[in-house]
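# Chains, contacts and geometry: an overview
So the chains spell out like this:
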Amino acid sequence: MDGIGYKINPMKTAELLKLTYNGKGSIPFHQRILDALTPMGTRGLTMINLGAGDAKMTKGYPFKRRYLVDCQPRDTSPKDLIQADCLQFMRLLTEKVDVIYALDFIEHLTKDDGLEILRLIEDKADVGIIFTPLGDLCVGQTAGPDGHHSGWLPEEFQSRNWNTLTCPSFHSPWFDGQTHGAFYAWFGINPNLLLQTLRGET
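Described below are features of the structure shown in this document. (Residues numbered from 1 in each chain as written. Predicted model: local features only at pLDDT ≥ 70, side-chain atom pairs only at ≥ 80, totals over all residues. Heavy atoms only, no water.)

Bringing the pattern of salt bridges into the picture now. Using the criterion set out here, one finds five salt bridges in the structure. Between Arg-65 and Glu-95 there is a salt bridge; the shortest N-O distance is 3.3 Å. In this pair, Arg-65 sits in strand β4 (residues 65–70) while Glu-95 sits in the loop between α2 (86–92) and β6 (97–103), placing the two residues 30 residues apart along the sequence. Glu-95 gets classed as partly exposed once you look at its relative accessible area, which sits at 27%. With its nearest N and O atoms 2.8 Å apart, the salt bridge here joins Arg-160 to Glu-122. (Salt bridge = Lys/Arg side-chain N within 4 Å of Asp/Glu carboxyl O. Helix = DSSP H or I, 4+ residues; strand = E, 2+ residues; numbered from the N terminus. Buried < 20%, exposed > 50% of the residue type's maximum accessible area, 1.4 Å probe, protein only.)

This is the structure in structure tokens:
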């Protein structure tokens, strides 16, 4: 499965998108959104997946080179996973890459570390793609790398010139039986195919 998005100059979108999707989220929906945000021609591109885990949402994209980074490998993690602190990995990164994914990752950092990760993604990637819970979901309930240590809102990304797609009912229900939202934030991608994808969901 190759990416079906289109690259444009990073951070140069004339008008930021501030989209809302009110339907429920699902793995197929999540994959379709990532397909629409992933640049075309991935066979010639380099990517980083921060907090990669099992990398199930990006493993189908045939990037020329990929760095899958996680501080805590799991039984289902790919063999080429790099076990490292993601923030330290980004600090030491000397090359610029085409795409950086941070899916279900930034909420596992403190706010200060998350803001530094955003600055590093903006500095080192042509395309940045983030997915995270909407607001303070489970913040402070679990210690260590598996816990959520910060909450995020779309406005925090919009102020940095990222586009956003907010899904207030994405997790419906969550593990607690309640409905919780999530959102996508990205830069560097022409939104046409994302808009087509969303039209197909209505």
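Read on, since the account is not over.
The next subject is the nonpolar core. Core analysis: the largest hydrophobic core is formed by 32 residues, its most contacted members being Ile-129, Leu-165, Tyr-184, Trp-186 and Leu-194. At the level of secondary structure, the elements contributing two or more residues to this core comprise α1 (27–37), β6, β7 (125–133), β8 (163–171), β9 (180–187) and α5 (192–201). It is α1 that contributes the most residues to this core, five residues altogether. Beyond its immediate stretch of four places on either side in the chain, Trp-186 contacts Leu-17, Leu-19, Leu-37, Gly-128, Ile-129, Trp-162, Asn-163, Thr-164, Leu-165 and Leu-194. If you look at the next biggest cluster of nonpolar residues, it comprises 27 residues, including Leu-50, Leu-87, Phe-105 and Trp-162. (Core = buried A, V, L, I, M, F, W, Y, C linked by side-chain atoms within 4.5 Å. Contact = heavy atoms within 4.5 Å.)

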